[in-house]
Amino acid sequence: MFEKIGIFGKYNGIQSWELIDKLIVYFQKKHKTIILDQRSCRDFPIERYGIERLEREQLLPKIDLAIVVGGDGTFLDVARTVVDFKIPLLGINLGRLGFLTDVSPDTMFITLDEVLDGDYQCEQRMLLNVKVQLEGKTLFNEVAFNDVVLHKNDSPRMIEFETFIDKRFLNSQRSDGLIIATPTGSTAYSLSAGGPIVDPELNAMTLVSINPHTMSTRPVVVSGDSEILIRPHDNCSGTASIICDGQLSFQIEANHETTITRHANFIKMIHPKNHDHFKLLRAKLKWGKKL
């Protein structure tokens, strides 16, 4: 049973406040403890409710359920933060597509009643850990839920780099970049670049090139237990960046080595009891609709 609820909003977006207001009233009637996230709900008027608003390092040890009110971008940010605390995460969709925030505001109270009664689905999803190193020194160490992207900076020129899987050479390529995606991220940037849709229950990573120079370059799927190493060529200095979930970035140079592995912990995602991933795909991708 969940007793202490953390609520995360759409980055101080006033459009999420109406729903947050309703959630607070709902949980107070259920005699639950509610704490708001300071980073995303900084200006929300908590005084009328008599609740706390804390920074994440104080908030996360105190809650046993995290609720995200926003879109998938908000969900990605919160997921990276809570993963090591093993807090279940539920998303209420205020965004456009909503692959991750899959609870509709219209049905959220029905879903929350079921969740509090223990009648829900819970699944684990993998994340990625990415390190950028120079001569053994770690310069960048972050977590990604959807993908880690090597991408050229503002330049018309392609970048050149080598890729290794478990210390075995895969290929050398010229392209606009490379997407290393989790199964969750297979329906994000990777899908737009021509990558496959991967069942989120699989332990796998996909490598999808962005506008490769040769047509023979194709997406590759590897085990989630693999270690992926990227080494840029000498002419890549200052022309490329490593980007996590489109939100965190680090500019790489020719001598940098980027290593991507599966993160040690998994995200626990809470879904409504009737959640069906393939039904979600059909709805979001409009499969079967007439053009």
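About the criteria used
Residues numbered from 1 in each chain as written. Predicted model: local features only at pLDDT ≥ 70, side-chain atom pairs only at ≥ 80, totals over all residues. Heavy atoms only, no water. Helix = DSSP H or I, 4+ residues; strand = E, 2+ residues; numbered from the N terminus. Rg over C-alpha atoms; globule rule 2.2 N^0.38 Å. Contact = heavy atoms within 4.5 Å. Areas by Shrake-Rupley, 256 points an atom, 1.4 Å probe, with all protein chains shown as cover. Lys, Arg positive; Asp, Glu negative; His and termini not counted. Charge placed at Lys NZ, Arg CZ, Asp CG, Glu CD. Phe/Tyr/Trp six-rings, centres within 6.5 Å; stacked < 30°, edge-to-face > 60°. Buried < 20%, exposed > 50% of the residue type's maximum accessible area, 1.4 Å probe, protein only. Salt bridge = Lys/Arg side-chain N within 4 Å of Asp/Glu carboxyl O. Polar contact = N/O pair within 3.5 Å; in protein donor to acceptor, adjacent residues only side chain to side chain. Pairing = 2+ DSSP bridges. Axes fitted to C-alpha atoms, helices over the stretch in contact; angles between N-to-C directions.

## As for the overall build of the protein chain
In step 1: The number of helices and strands found in the protein chain is six helices and 19 strands.
In step 2: Here the protein chain has a C-alpha radius of gyration of 20 Å; the compact-globule value for 291 residues is 19 Å, and the two agree.
In step 3: Along the longest, intermediate and shortest principal axes, the C-alpha atoms of the protein chain span 60 × 45 × 35 Å.
In step 4: The contacts in the protein chain between residues at least 6 apart in sequence include a share of 67% that link residues at least 24 apart.
In step 5: Counting every atom, the protein chain has about 14000 Å² of accessible surface; 49% of that belongs to carbon and sulfur.
In step 6: Positive and negative side-chain charges of the protein chain, numbering 34 and 37 respectively, have mean locations separated by a distance of 4 Å.

## A look at the packing of aromatic side chains
In step 1: One pass over the full model with this rule turns up eight aromatic pairs.
In step 2: Measuring from centroid to centroid gives 5.7 Å for tryptophan 17 and phenylalanine 44, while their planes differ by 90°, and the two rings are edge-to-face. Remark: phenylalanine 44 occurs in the loop between β2 (33-37) and β3 (52-54) and tryptophan 17 occurs in helix α1 (residues 17-29); sequence separation between them is 27 residues. Here tryptophan 17 matches phenylalanine 44 in class, with each residue buried.
In step 3: Ring pairing ties together the aromatic residues Trp17, Phe44 and Tyr49, which thus form one cluster.

## Remarks on the side chain of aspartate 102
In step 1: Positionally, aspartate 102 belongs in the loop between β5 (89-93) and α4 (108-116).
In step 2: The charged side chain of aspartate 102 is buried without a salt bridge, its nearest counter-charge being arginine 125 at 6.6 Å.
In step 3: At a separation of 2.6 Å, a polar atom in the side chain of aspartate 102 contacts the side chain of histidine 271.
In step 4: Aside from chain neighbours lying at most four places away, what touches aspartate 102 is Gly91, Ile270, His271, Pro272 and His275.

## Observations concerning the sheet that holds strand β12 (residues 177-181)
In step 1: Pairing is antiparallel across the open sheet formed by six strands, whose spatial order is β14-β13-β12-β9-β16-β17. Two strands lie at the open edges of the sheet, namely β14 (220-223) and β17 (248-252), each paired on one side alone. This sheet shows a mean twist of 20° between the axes of neighbouring strands, independent of strand direction.
In step 2: Where strand β9 (residues 147-152) meets strand β16 (residues 240-244), five bridges bridge the pair, whose relative direction is antiparallel. Note on β16: the bridge partner recorded for leucine 150 is isoleucine 242.

## Examining the environment of valine 25
In step 1: Along the polypeptide, valine 25 turns up in helix α1.
In step 2: Valine 25 sits 24 residues away from tyrosine 49 along the chain, and the two C-alpha atoms are 8.3 Å apart.

## Focus: the sheet that holds strand β15 (residues 228-232)
In step 1: Taken in spatial order, the six strands make up an open sheet running β8-β7-β18-β15-β10-β11, and their pairing is antiparallel. The open sheet has two edge strands, β8 (137-144) and β11 (168-175), and neither has a second partner. Recorded for the sheet is a direction-independent mean angle of 20° between the axes of neighbouring strands.
In step 2: Direction of pairing for strand β10 (residues 159-165) relative to β15: antiparallel, over a ladder of five bridges. Looking across to β15, one finds that phenylalanine 164 is bridged to leucine 229.

## Quick word on the pattern of salt bridges
In step 1: Summed over the entire model, instances satisfying the criterion amount to 17 salt bridges.
In step 2: For glutamate 123, the salt bridge is made with arginine 125, and the minimal N-O distance between the two is 2.7 Å.
In step 3: On the basis of relative accessibility, which here comes to 16%, the residue glutamate 123 falls in the buried class.
In step 4: In this structure arginine 125 comes out as buried when scored by relative accessible area, which is 5%.
In step 5: Across the salt bridge formed by arginine 174 and glutamate 160, the nearest N and O atoms sit 3.7 Å from each other.

## A word on the pairing of strand β1 (residues 4-8)
In step 1: Among the five residues that make up β1, four are buried, leaving the element largely enclosed by the rest of the structure.
In step 2: Sheet topology note: the β1/β2 ladder contains four bridges and is parallel. Each residue of the ladder has a partner; that of lysine 4, found in β2, is threonine 33.
In step 3: Pairing of β1 with strand β4 (residues 65-70), which is carried by four bridges, proceeds in the parallel orientation. When the bridges of β4 are listed, isoleucine 5 appears paired with leucine 65.

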